[in-house]
Amino acid sequence: MPLKTKYPQGSERNLVHAVTGRKMASDDRPEDLGCVINNVTTLAAVYHAVCMNEPLMEKGFTVTGDAVANPGNFMVKLGTNLSELLEAAGGLKAEPKKVIIGGPMMGMAITNLDRPVAKPYNALICLTEDPVEKADGQMTHCIRCGRCARACPVGLVPQMLAFYAERKDYDRYIKLHGLDCLGCGACTYICPAKRPLMQLFKLTKGTIAHNEAVQAAKNAEKEAATV
Ligand code: SF4
Ligand code: SF4
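What counts and how
- Residues numbered from 1 in each chain as written.
- Chains lettered and ligands numbered in written order.
- Predicted model: local features only at pLDDT ≥ 70, side-chain atom pairs only at ≥ 80, totals over all residues.
- Heavy atoms only, no water.
- Helix = DSSP H or I, 4+ residues; strand = E, 2+ residues; numbered from the N terminus.
- Contact = heavy atoms within 4.5 Å.
- Lys, Arg positive; Asp, Glu negative; His and termini not counted.
- Charge placed at Lys NZ, Arg CZ, Asp CG, Glu CD.
- Buried < 20%, exposed > 50% of the residue type's maximum accessible area, 1.4 Å probe, protein only.
- 1 Å grid on protein atoms, 1.4 Å probe; cavity = no way out; pocket = protein on both sides within 12 Å on 5 of 7 lines; lining within 4 Å.
- Points joined across faces, edges and corners; volume = space filled by probe spheres on them.
- Nonpolar A, V, L, I, M, F, W, Y, C, P; charged D, E, K, R; others polar.
- Core = buried A, V, L, I, M, F, W, Y, C linked by side-chain atoms within 4.5 Å.
- Near = heavy atom within 4 Å.
- Sits in = over half its atoms within 2 Å of the grid points.
- Pairing = 2+ DSSP bridges.
- Expected span 1.5 Å × (residues − 1).

(A) Fine view of the overall build of the chain. A tally of regular secondary structure across the chain gives nine helices and five strands. Along the chain direction, N to C, the helices and strands of the chain fall in the order α-α-β-β-α-β-β-β-α-α-α-α-α-α. For the chain, the spread of C-alpha atoms along the principal axes amounts to about 50 × 50 × 50 Å. Considering only contacts in the chain between residues 6 or more positions apart, those separated by 24 or more positions represent 55%. If you average the places of the 27 positive and of the 23 negative side-chain charges in the chain, the two averages end up 9 Å apart.

(B) Inspection of the environment of Val 40 at higher detail. Here Val 40 shows up in helix H2 (residues 40-52). Residue class for Val 40 comes out exposed when judged on its relative accessible area of 70%. Spatially, the C-alpha atoms of Val 40 and Arg 150 are 30 Å apart, while their sequence positions differ by 110 residues.

(C) Structural context of empty space enclosed by the protein. What the rule picks out here adds up to one cavity of 30 Å³ or more. Elements with a contribution of two residues or more to the lining of the largest cavity: helix H6 (158-166) and helix H9 (197-226). For the lining of the largest cavity, the per-class residue count stands at 12 nonpolar, two polar and no charged.

(D) Looking closely at the nonpolar core. With 18 residues, the main nonpolar core has Leu 156, Tyr 173, Leu 197 and Phe 201 as its most contacted residues. Of all the elements in the fold, those that place two or more residues in this core are H6, helix H7 (170-175) and H9. In contact with Leu 197, other than residues within four places in its own chain, are Cys 148, Pro 158, Ala 162, Cys 187, Thr 188 and Cys 191. Counting 15 residues, the second largest nonpolar core, distinct from the first, contains Leu 85, Ile 101, Ile 110 and Cys 126.

(E) Here's a closer look at unusual backbone geometry. Between Tyr 7 and the following residue, Pro 8, the backbone shows a cis peptide bond with an omega angle of -10 degrees. Along the polypeptide, Pro 8 turns up in the segment before helix H1 (12-20). Its identity as a non-glycine residue notwithstanding, Lys 168 has a phi of 55 degrees, on the positive side. Of note, Lys 168 is situated in the loop between H6 and H7. For His 177, which is not a glycine, the phi torsion comes out positive at approximately 65 degrees.

(F) Here's a closer look at the site of ligand 1. Near ligand 1, the surroundings consist of Cys 142, Ile 143, Arg 144, Cys 145, Gly 146, Cys 148, Gln 159, Cys 191, Pro 192, Ala 193 and Leu 197. Broken down by class, the residue content of the shell around ligand 1 amounts to eight nonpolar, two polar and one charged.

(G) Structural detail: the site of ligand 2. Cys 152, Cys 181, Cys 184, Gly 185 and Cys 187 are the nearest of the 14 residues found near ligand 2. For ligand 2, the cavity whose grid points lie within 2 Å of the majority of its atoms is the largest cavity. Contributions of two or more residues to the shell around ligand 2 are made by helix H8 (186-190) and H9. Split by residue class, the shell around ligand 2 holds 12 nonpolar, two polar and no charged.

(H) Expanded view of the pairing of strand E5 (residues 123-127). Counting buried residues along E5, four of its five residues qualify, which places the element largely inside the surrounding structure. Here strand E3 (residues 98-101) pairs with E5 via four bridges, running antiparallel. When the bridges of E5 are listed, Lys 98 appears paired with Leu 127.

(I) Examining the environment of Arg 150 more closely. You can see Arg 150 is positioned in helix H5 (residues 147-151). Taking the C-alpha atoms as reference, Arg 150 lies 9.6 Å from Ile 190; in sequence the two are 40 residues apart.

(J) Summary view of H9. With 30 residues, H9 extends 43 Å between its outermost C-alpha atoms, agreeing within 8% with the 44 Å of an ideal straight helix rising 1.5 Å per residue. Residues Leu 197, Met 198, Leu 200, Phe 201, Thr 204 and Ile 208 constitute the buried set of H9. Structurally, H9 contributes buried residues whose contacts are with H5, H6, H7 and H8.

What follows is the structure in structure tokens.
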């Protein structure tokens, strides 16, 4: 079933809704709605494992960006050094201001290419302009235009999430389903006030997860002491 080209279309929640019309609740998994989602890379890996008795050893990897001499797609062994891969793409034709591992919206900025290709990443992007640096100094207060809420693929209200995240009011952040944020960056991209919403949500989710882990460890310690 061909789907509309839009971003983000590939998240589980979006795919289930786009293909079946079923809506996933926060704590639903695709299986709860009768769906199993495998990406093409996973299916290829299953085929190689089951039919050819080969473990997962290589993957398709894109090297791109306007700083790269010959951008392209490569089949690479897991563990290949990123700098070697960049060399295979002709090296750099200009000094990159930003290097991203992963996709342009959800990838992570890195400062060191001396690291291996690993399973979660599919791309290396070297850019001559740093969009974050470019937006630096342009951030203003939220003007409550509502664009971020209209852009959010999971129906969150990013301006309100940001309000509570900035105040470290994690209970209200959770109540507004902030943990459902996919980190897609659509809200950050659309925000005319140049607010780093997605970055704030990533940080907040990490802090909440950390706090919960610390609390769980304390509870386990307490329980052990009372036994
Ligand atoms: S898009 Fe930006 S300015 Fe508009 S409501 Fe959202 S956070 Fe505020
Ligand atoms: S990053 Fe923004 S648009 Fe994307 S899911 Fe999270 S709140 Fe919604």
